[in-house]
Amino acid sequence: MSDKQEMIKKMIEMQKKFIAYEHQNGVSQQEYFAPADGHELSNYRQEYNDMAMKLVDIAHSEKGSHR
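Within each chain, residues carry numbers counting from 1 in the order of the written sequence. Residues qualify for local features only when their pLDDT is at least 70, as the model is predicted, and side-chain atom pairs are given and counted only at 80 or more; totals for whole chains, interfaces and linings, by contrast, use all residues. Each side-chain value is derived from all of the structure's non-hydrogen atoms; neither hydrogens nor water enter the calculation.

Engineer: Describe the environment of Ala59, and please don't skip the residues or the numbers.
Structural biologist: Its location among the elements puts Ala59 in helix H3 (residues 44–63). In sequence terms Ala59 and Lys4 are 55 residues apart; their C-alpha atoms lie 9.2 Å from each other. To qualify as a helix, a DSSP run of H or I must reach at least 4 residues; to qualify as a strand, a run of E must reach at least 2; elements of each kind are numbered from the N terminus.

Following this line, the structure appears as structure tokens:
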């Protein structure tokens, strides 16, 4: 499986876990934007965003375009 497919798969799994957490516990702005160290959502936004930007770069590279 390609890196792109692996990243997409991981992002989907992250989304599923986030949705399950949100449905079970609710998510405050504090938890989402500045969770405490060790919190289940710690690093979620940054990791997800980093992967999304890598996918954007891959897509541009595949199409020969630039951002």
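Engineer: Provide a residue-level description of the confidence of the model for the chain, including the pertinent values.
Structural biologist: As a per-residue measure, pLDDT tells how confident the predictor is, with possible values from 0 to 100. Confidence along the chain averages 92 in pLDDT terms, with 99% of residues attaining 70 or more. Here helix H2 (residues 29–33) stands out as the element of the chain with the lowest mean pLDDT, 92, in contrast to helix H1 (residues 3–25), whose mean of 95 is the highest.

Engineer: Before we move on, could you go through the pattern of salt bridges and cite the residues and values that matter?
Structural biologist: Salt bridge, as used here, is a side-chain nitrogen of Lys or Arg placed within 4 Å of a carboxyl oxygen of Asp or Glu. Summed over all chains, the structure comprises three salt bridges. We note a salt bridge from Lys10 to Glu47, for which the minimum N-O separation is 2.7 Å. One end of the pair, Lys10, is in helix H1; the other, Glu47, is in helix H3, with 37 residues separating them in the sequence. Residue Glu13 pairs with Lys16 through a salt bridge whose shortest N-O separation is 3.8 Å. Of this pair, Glu13 and Lys16 are both found in helix H1, three residues apart, which corresponds to roughly one turn of the helix. Categorising residues by exposure relies on relative accessible area from a 1.4 Å probe, with only protein chains included: less than 20% of the type maximum marks a residue as buried, more than 50% marks it as exposed, and the intermediate range marks it as partly exposed. For Lys16, a relative accessible area of 53% gives the class exposed.

Engineer: So, the packing of aromatic side chains: which residues are in play, and what are the values?
Structural biologist: Between two aromatic rings, the relevant description is the distance of the centres plus the angle of the planes. Note on aromatic contacts: the rings of Phe and Tyr and the six-membered ring of Trp form a pair at centre separations within 6.5 Å, being stacked when their planes are under 30 degrees apart, edge-to-face when over 60 apart, and tilted otherwise. All told, the structure shown has four aromatic pairs when counted by the stated rule. Considering the side-chain rings of Phe18 and Tyr32, the 5.8 Å spacing of their centres and the 70° angle between planes classify their relative orientation as edge-to-face. Highlighted residues: Phe18 in helix H1 and Tyr32 in helix H2, separated in sequence by 14 residues. We classify Phe18 as buried; its relative accessible area is 15%. On the numbers, 5.9 Å between centres and 25° between planes, the contact of Tyr44 with Tyr48 is stacked. Here Tyr44 pairs with Tyr48, and both are found in helix H3, just four residues apart, close to one helical turn. For Tyr44, a relative accessible area of 13% gives the class buried. Each member of the aromatic cluster is reached from another via a ring pair, and the members are Phe18, Tyr32, Phe33, Tyr44 and Tyr48.

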